[in-house]
Amino acid sequence: GQVFKLEDYRPSNFLIPKTKLSFRLDPDRTTVVSELTVERNAETSDGTPLVLDGDGLTLVELEIDGEKVGPNAYDLTPEKLTVHALPKRKSFRLKVTTEISPSTNTALMGLYRSNGVYCTQCEAEGFRRITYFLDRPDVLSVYTVRIEADRKDAPLLLSNGNPSDAGELDGGRHYAVWEDPFPKPSYLFALVAGDLGVLEDRFTTMSGREVALGIYVEHGKEPRATYAMDALKRSMKWDEEVFGREYDLDVFNIVAVSDFNMGAMENKGLNVFNDKYVLADEETATDADFANIEAIIAHEYFHNWTGNRITCRDWFQLCLKEGLTVYRDHEFSADQRSRAVKRIAEVRTLKAHQFPEDQGPLAHPVRPRRYREINNFYTATVYEKGSEIVRMIRTVLGREKFREGMDLYFERHDGDAATIEDFLRVFEDVSQKDLSQFALWYHQAGTPNVTVKASHDAQRAELVLDVEQSSPPTPGESRKRLMHIPLAFGLVGPSGEDFTWDTAEGASIENSILHIRKRKHSIRFTGISERPRVSLNRGFSAPVTLSVEEKPEDRAFLARHDSDLFSRWQALNTLMTEAIIEASKLIRGGKEPQFPDDLLVLCGDIAADVSLEEAYRALALTFPAEADVAREIGSNIDPDAILAARDALVAAVGSANGASFATLYEKLAAEGPFSPDAQSAGRRALRNALLDYLSASSGNPGRAAAQFEQATNMTDRSAALTTLAVRHPAAPETAAALARFEERYGSDPLVLDKWFQIQAAAPGRHSLETVRSLSEHRAFSLANPNRIRSLIGTFSSANQTGFHRPDGEGYRFFTEMVLAVERRNPQVAARLATALRSWRSLEPGRRALAREALLRISSAENLSPDLRDIVERTLA
Ligand code: DPP
Ligand code: ZN
């Protein structure tokens, strides 16, 4: 396939200041009439033909300035419409009529039908599946959209912007017209038509403008949109208060659809959502669902400024809108909930998804320089690491200068299709700092490693920190340049307070941030008479791996006393990880696993520490996942040994603290009516973490079965079911609970997804048989991405022992499924296939089988560019 390169960027030869679209909707034969005002781009266009993008379209008619264009005046290939004979004028009108078939569009890009609702997905390159266009983000156009449909089939007709006209037509048909005054790229176009219910509300902006809000869902599900609506209003308010950003249209609509490739889409004034991220109530959604809904509603809303008002020049700049908007939604959630808890959850996600990407064959810079298929670059690196970079800019500049820079960004680039260079320049301009070394975070792939050694000299009252940075090679980048790494730190004294120092030399230090810029720094602090424990990368100020020469008792001390809550969590988590690694070595050597008593006591003390929030204690008690441990081990991975070690540690912690955990579990039982707020959710999370320990150590399913029966909300019910499936796979209680759950929620797709997911994640070699038979369940369907992800995605990414079975059967099943999915929906298949990205770190037997599976996929006939790109890069 073609490789697109950043350095090949050229401005478009033509612009399209105005776009008028007219849709005659029909499931099998929709007609799209597009009337474009085309202008030569003065700087570049000199008699070149007009080349429009298209994909799977049937061209019906072409006119220029009212005159039919004959077939000799244009060329048509499957991907391009090239018009040769153009008027000499600077500007002309091009009218293109095409036909498309929404009902057979299974790729879910362009215009398709989901549950009888017409909807669109255009990012990144779906608009060209609707009509011929300059489908690139730097071509901004003002859209007028007329939609015509059967009134019974589609009483609701929505598009971007504000409604301007509507009326009845003959034959039971009707129409609506929408006008969006803000120039936008084609990827932000949206249309929805169907029969849906609505939850309505209003928001008054900071300048007093009234905005009509609507969330459209399946009839009868309107009450389940209440939380999303609340999150939307809080997002609108927060963006005004924290970033000074006001909403700019008269209406803001959200539509929930059930078949959607991604989480949601920020189309101007008409966000389209995967219904999983809209619908919630206590009966059907978990606390994690509520938190995700809040974050994603905010994310898409925040795109209105970071993405829509200021968009990307080209797709290499994707992180310009995504990294920044993730940063904004993280800050929003931190303000709505507990900042420390939110930060820990973010870092866990980053390490679970971005670190393996950055450390494997799919590594790429946050701003890539080349791609073959842009859909494969909606990655954890672009999103999550992209957000970490914005966070570091704030750390380096300080809160006030950061806000000044953001204000300048909005002022200077409103209406632009901008670049990362534009973004960095505003911060250089407001701070007068040189960010050229810092910019490597965008341009250089891979996770930097920082090693630290501390030596204390009591006599001289000196502490020396020897710090060294290194960055391992990544595909296509064998030599790395030195990074600017802002490390927040503290020197922790014997009662947990931070020492101050007299002088420090060897690196620049501002506000307890150590700026690492060279390969090696030897930093000498004076006036430190007692040996401190060094707390490093507080708040995870930089996305690096850290190797610190440190005794377990120092880590345990930090886990108890560090004033930075993130670092306390990190210290405990590192202790847990190391204990599992040691135990897994024993298990592989045929020995019994052993664990340090101190760690078991520490876990008990943290569970009982009422000075800590319950949500925090729950997170602290959540053991690193098997994949987290595998990542730390790095090579020659045996997933069975890791699982056995992890299970043994959970059981040991449970046994050592059995009585106090049981008492606390009872004490945390719910009182009063359900509330999804962070504090109540934290209480449930802690109680459910304890349930898992108690079940693992007792071997008795009774408590989990009782919780399953008595649960009054989905969080507690699904947690109990998970514990039953994981801790007591063979118990009759588990089979009964699974059957009850299916019976009760069989007609609710989002809840049934949880049923698939819980079973797909339950570890063990035999889980493959379960998953295989679930793939033949009447409710399993390759048409619904959520269902595919809940079964196949969960199995391959979260079930290490089932997926990586030593006989390769897990891979065999997986390749069959990936190839079946890819025939309908290449984008979803390509995403699934990334589950094999860490294959090289497996032990030799599994490694060979995983490689065979990848080769099997790559040799399949007519492989889509999406899947081919992932598989070939993974094998390279
Ligand atoms: N809708 C996706 C997101 O918001 C892609 N823009 O991240
Ligand atoms: Zn986004």
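As the structure is a computational prediction, the values presented were derived from the model and not from experiment.

Caption draft 1: Geometry of the overall build of the chain. A count of helices and strands for the chain gives 27 helices and 33 strands. Computed over its C-alpha atoms, the radius of gyration of the chain comes to 28 Å, within 12% of the 29 Å expected for a compact globule of 876 residues. Its C-alpha atoms give the chain principal-axis dimensions of about 90 × 65 × 60 Å. Sorting the 876 residues of the chain into buried and exposed places 51% on the buried side.

Caption draft 2: Examining the pairing of strand β3 (residues 30-40) more closely. Strand direction decides the pairing type here: strand β2 (residues 14-24) and β3, joined by nine bridges, are antiparallel. Across the sheet, residue Phe14 finds its bridge partner in β3, namely Arg40. The hairpin formed by β2 and β3 contains five residues between the paired strands. Examined bridge by bridge, β3 and strand β9 (residues 91-100) share ten bridges and lie antiparallel to one another. Residue pairing for β9: Val38 is matched across the bridge by Phe92.

Caption draft 3: View of the packing of helix α25 (residues 826-833) against helix α27 (residues 865-875). Two elements in contact, α25 and α27, have axes whose closest approach is 8 Å; the angle formed by their N-to-C orientations is 15 degrees. Viewed along their axes, α25 and α27 adopt a mutual orientation that is roughly parallel. Relative to α27, the crossing made by α25 is right-handed. In this structure, α25 uses Pro826, Gln827, Ala829, Ala830 and Ala833 to contact α27, whose residues at the interface are Asp866, Leu867, Ile870 and Val871.

Caption draft 4: Structural context of the sheet that holds strand β30 (residues 513-516). With antiparallel pairing, four strands are arranged side by side in an open sheet as β29-β30-β27-β32. Every interior strand has two partners, whereas the edge strands, β29 (508-510) and β32 (533-536), have only one. Between one strand axis and the next, the sheet turns through 35 degrees on average, direction left out of account. Note that strand β27 (residues 485-492) and β30 share four bridges and pair antiparallel. Of the residues in β30, the one forming a bridge with Ala488 is Ile513. Contacts between helix α9 (residues 552-561) and the sheet are confined to β27 and β32, with β32 contributing the most and set at about 65 degrees to the helix.

Caption draft 5: Just the pairing of strand β10 (residues 110-114), in detail. Counted residue by residue, β10 has five buried out of five residues, so it is predominantly covered. Pairing analysis gives five bridges linking β10 to strand β11 (residues 117-121), with the strands arranged antiparallel. Following the sheet pairing, Gly110 is matched in β11 by Gln121. Between the antiparallel neighbours β10 and β11 lie two residues, among them Asn115 with a positive phi of about 55 degrees.

Caption draft 6: Inspection of the site of ligand 1 at higher detail. What surrounds ligand 1 is the set Glu123, Met262, Ala264, Met265, Glu266, His299, Glu300, His303 and Glu322. Of all elements in the fold, only β20 (264-265) and α2 (287-302) reach the threshold of two or more residues within the shell around ligand 1.

Caption draft 7: Representation of the environment of Ile485. Mapped onto the elements, Ile485 comes out in strand β27. Judged by C-beta crowding, with 23 C-beta atoms within 10 Å, Ile485 ranks as buried. Taking the C-alpha atoms as reference, Ile485 lies 9.3 Å from Trp441; in sequence the two are 44 residues apart. The residues contacting Ile485, other than those within four sequence positions of it, are Pro448, Val450, Gln469, Ile516, Ala542 and Val544.

Caption draft 8: Region of interest: the confidence of the model for the chain. On average, residues of the chain carry a pLDDT of 98, and 100% of them reach 70 or more. At the level of chain-chain contacts, confidence expressed as ipTM amounts to 0.98, with global pTM at 0.99.

Caption draft 9: Highlighting unusual backbone geometry. Omega for the bond connecting Glu123 with Ala124 falls within 30 degrees of zero, at 0 degrees, which places this linkage in the cis form. Here Ala124 lies in the loop between β11 and β12 (141-150). The backbone phi angle of Ser512 is positive, close to 60 degrees, even though this residue is not glycine. Within the secondary structure, Ser512 is located in the loop between β29 and β30. One non-glycine residue with positive phi stands out, namely Asn537, at about 55 degrees. If you trace the backbone, Asn537 turns up in the loop between β32 and β33 (545-548). Residue Asn537 is classed as buried on the basis of its C-beta count, with 25 C-beta atoms lying within 10 Å.

Cut-offs and rules
- Residues numbered from 1 in each chain as written.
- Chains lettered and ligands numbered in written order.
- Predicted model: local features only at pLDDT ≥ 70, side-chain atom pairs only at ≥ 80, totals over all residues.
- Helix = DSSP H or I, 4+ residues; strand = E, 2+ residues; numbered from the N terminus.
- Rg over C-alpha atoms; globule rule 2.2 N^0.38 Å.
- Buried ≥ 20, exposed ≤ 12 C-beta atoms within 10 Å, placed from the backbone.
- Pairing = 2+ DSSP bridges.
- Axes fitted to C-alpha atoms, helices over the stretch in contact; angles between N-to-C directions.
- Parallel < 35°, antiparallel > 145°, perpendicular 65-115°, else oblique.
- Left-handed = near helix turned anticlockwise from the far one by under 90°.
- Contact = placed C-beta atoms within 7 Å.
- Near = placed C-beta within 6 Å.
- pLDDT = per-residue confidence, 0-100.

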